[in-house]
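# Fold and geometry: a report
Residues per chain are reported as follows:
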Amino acid sequence: MPELLNNDLLRKDARFFVAATLFALALRLIFVLHFPGIVEDSRLYADIAMNWLQHGVYGITDSGHVVPTLSRLPGYPAFLAAIFYIFGWGNYRAVLLIQVLFDLGTCLLIADIARRVLSEPAAKAAFMLTALCPFLANYSAAALTETLEIFFTTLALDLAVCGLDVLRQRTGPPIGLKGASWLGCGLSIGACILLRPDGGILLASIGAYLLFLLCGAILKQRRNPNDNNNDAPRPLPMLLAGILLTTGALAPLVPWTLRNWHTLHRFEPLAPRYANDSDELVMFGFNRWTKTWIAEYTSVQEIYWNVPGDAIDITRLPRRAFDSEAQRQETAQLIAAYNEGHDMTPELDASFATLAKARIQAAPLRYYVYLPILRIADMWLRPRIELLPSDPRWWEFNDEPRWLAVSIIFGIINLAYVIAAGIGLFRWREFANVGLFLSFLLLRSLFLGTLENPEPRYTLECYPVVILGAAALFRQVSRLRG
């Protein structure tokens, strides 16, 4: 496998990397010590991990009984189980500190990608941009899947770049030991999928890019069968690379799929779309109605997450939730019926489905085009303050001054990263394998637009590419001072 994390660069600029690493560590420890994120999902993952350790059952605790579950993939519970086994039950501090180490590894991996596709100065810029990124640092202090997901996403992209470099070489065996890059890339994607089912988007992105190159290579070979251009990938090695990639990505799912079939009698290679178990009602009608108006994370917090269990405040619905006064009254009646018992019954869910159908028929472009675009924009551009005590309605400027300042600063920083990445990717659109990174950004963004819950954290997996694009602005800088 081609060398990852070039030792020459690390040795040559050791002072720079040591100083940047210390800054990165300090920033992450501030979040770990002062803003640890132990949320409801964290406790659910921990419950599964402990039942797995203590009872040998991958399940959740329900009324004192351990019930097998398939609502969550086993990647993060396995991570928690390993840490709890070594450091003690409920030791979230150990979890967060180890996640900090993974996040520091992400800094190195992003720098390595920048070194390969851009330049050494860009690699140093990428390392610093990752090290000082407050959003990555914030999530390293949260007992959630994001930090590990970002690490394995970056590792997969780095190995994909290595593999593409190998495919362009005509000397030596095209596959064999060199194929380890593609197998490793696939296994990294497999780790992403075991953490979150949307990790499969990375497989689709890299696979689509490989397919694009394969089609181009086949066409070029047919047009010029005697062309011995050393820089042109050959079809057969690319096909074998795709096989290794797919095998590595899907093989880790086999034990999980077999377990679900054996234990729960369901063919489920991932996890259900709404993270539900077999005996849970899926609110298809309510969810569809939600997608006819929801466009921002604030509505997720105030409306979407409240159902079932908490009341819906109709005054929190935006104007676009109603197309007429009659529809407003109908919606109010449905919400009042729900608020009586805070339970979504099948009959009530069917009524929301009927309302959603009418709204979609009245404005299909709004449902299929405008709102997905708004959700994507909200996930990319909103201040990433969801793990902090800041008011999610920051634009109303009625929060405590210090948290209002944090919201504004985080918003400016996020906007700066996104704008810098856009300029960098456009200006240096000829840099190696840019299509690979753009396909990932595009496919993931399009997928996120289909969700009812536009949460800013879902775009964090794209931040390695964002930072890479921003680092491209430093491609021709002769040297950054270390």
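Residues numbered from 1 in each chain as written. Predicted model: local features only at pLDDT ≥ 70, side-chain atom pairs only at ≥ 80, totals over all residues. Heavy atoms only, no water.

### Comments concerning the side chain of Q327
For the record, the criterion: Here a helix means four or more residues in a row that DSSP labels H or I, a strand means two or more in a row labelled E, and each is numbered from the N terminus. Contact between two residues is taken to exist if any of their heavy atoms lie within 4.5 Å; hydrogens are not considered.
Positionally, Q327 belongs in helix 15 (residues 325-341). Excluding its chain neighbours within four sequence positions, the residues that come into contact with Q327 are A321, F322, L355 and R359.

### A few points about helix 19 (residues 434-448)
What counts is decided by this rule: To estimate the expected span of a helix, subtract one from its residue number and multiply by 1.5 Å. Only protein chains enter the area calculation, which uses a 1.4 Å probe; residues under 20% of their type maximum are buried, those over 50% are exposed, and those in between are partly exposed.
The first and last C-alpha atoms of helix 19 sit 21 Å apart over 15 residues, in line with the 21 Å expected at 1.5 Å per residue. Every buried residue of helix 19 is accounted for by V434, L436, F437, S439, F440, L441, R444, S445 and L448. Where the residues of helix 19 are buried, they touch helix 5 (92-117), helix 8 (146-167), helix 10 (200-223), helix 17 (364-381), helix 18 (401-427) and helix 20 (463-471).

### Details of the environment of P372
Mapped onto the elements, P372 comes out in helix 17. Take P372: its relative accessible area is 13%, and that puts it in the buried class. In this structure the C-alpha to C-alpha distance between P372 and L245, which are 127 residues apart in sequence, comes to 31 Å.

### Let's talk about the pattern of salt bridges
What counts, and what does not: Just to be clear on terms, a salt bridge is a Lys or Arg side-chain nitrogen sitting within 4 Å of an Asp or Glu carboxyl oxygen.
Across all of its chains, the model carries 23 salt bridges by this definition. A salt bridge links R393 to E396, with the shortest nitrogen-to-oxygen separation between them at 3.1 Å. Residue R393 is classed as buried on the basis of its relative accessible area of 14%. Through salt bridges that share partners, E146, R196, D198, R444, E455, R457 and E461 make up one connected network.

### Topic: the pairing of strand 2 (residues 65-68)
Rule in force here: Two strands qualify as a pair provided DSSP detects at least 2 bridges between them.
As paired strands, strand 1 (residues 59-62) and strand 2 are joined by four bridges and run antiparallel to one another. If you follow T61 over to strand 2, its bridge partner there is V66. Joining the antiparallel neighbours strand 1 and strand 2 is a turn of two residues, in which S63 adopts a positive phi near 55°.

### Brief notes about the packing of helix 6 (residues 120-131) against helix 20
A pair of packed helices is characterised by two quantities: the angle between their axes and the separation of those axes. The test is simple: Inter-axis angles, ranging from 0 to 180 degrees, are taken between N-to-C directions of lines fitted to C-alpha atoms, where helices are fitted over the stretch in contact. Angles below 35 degrees are treated as roughly parallel, those above 145 as roughly antiparallel, those between 65 and 115 as roughly perpendicular, and all remaining angles as oblique. Less than a right angle of anticlockwise turn of the near helix away from the far helix marks a crossing as left-handed, whereas a clockwise turn marks it as right-handed. Each residue is assigned to one of three groups, with Ala, Val, Leu, Ile, Met, Phe, Trp, Tyr, Cys and Pro labelled nonpolar, Asp, Glu, Lys and Arg labelled charged, and all others, Gly among them, labelled polar.
For the pair helix 6 and helix 20, interaxial distance at closest approach is 9 Å and the crossing angle is 135°. When the axis of helix 6 is compared with that of helix 20, the two are oblique. In the packing of helix 6 onto helix 20, the handedness of the crossing is right-handed. Residue-level inspection shows A122, A125, A126, L129 and T130 of helix 6 in contact with helix 20, the latter providing I467, A470 and A471. A breakdown of the residues in the contact of helix 6 with helix 20 according to their chemical character gives seven nonpolar, one polar and no charged.

### Regarding a nonpolar patch on the surface
Short version of the rule: Distance thresholds for patches are 9 Å for like charges and 5 Å for nonpolar side chains (Val, Leu, Ile, Met, Phe, Trp, Tyr), applied to residues having over 30% relative accessible area and no salt bridge. Note that accessible areas follow from Shrake-Rupley with a 1.4 Å probe, and for residues the cover is restricted to the protein chains shown.
Among the surface-exposed residues, L365, Y368, V369, Y370 and I373 lie close enough to one another that they form a single nonpolar patch of about 530 Å² accessible area. With respect to the helices and strands, the residue I373 is situated in helix 17. For I373, a relative accessible area of 51% gives the class exposed.

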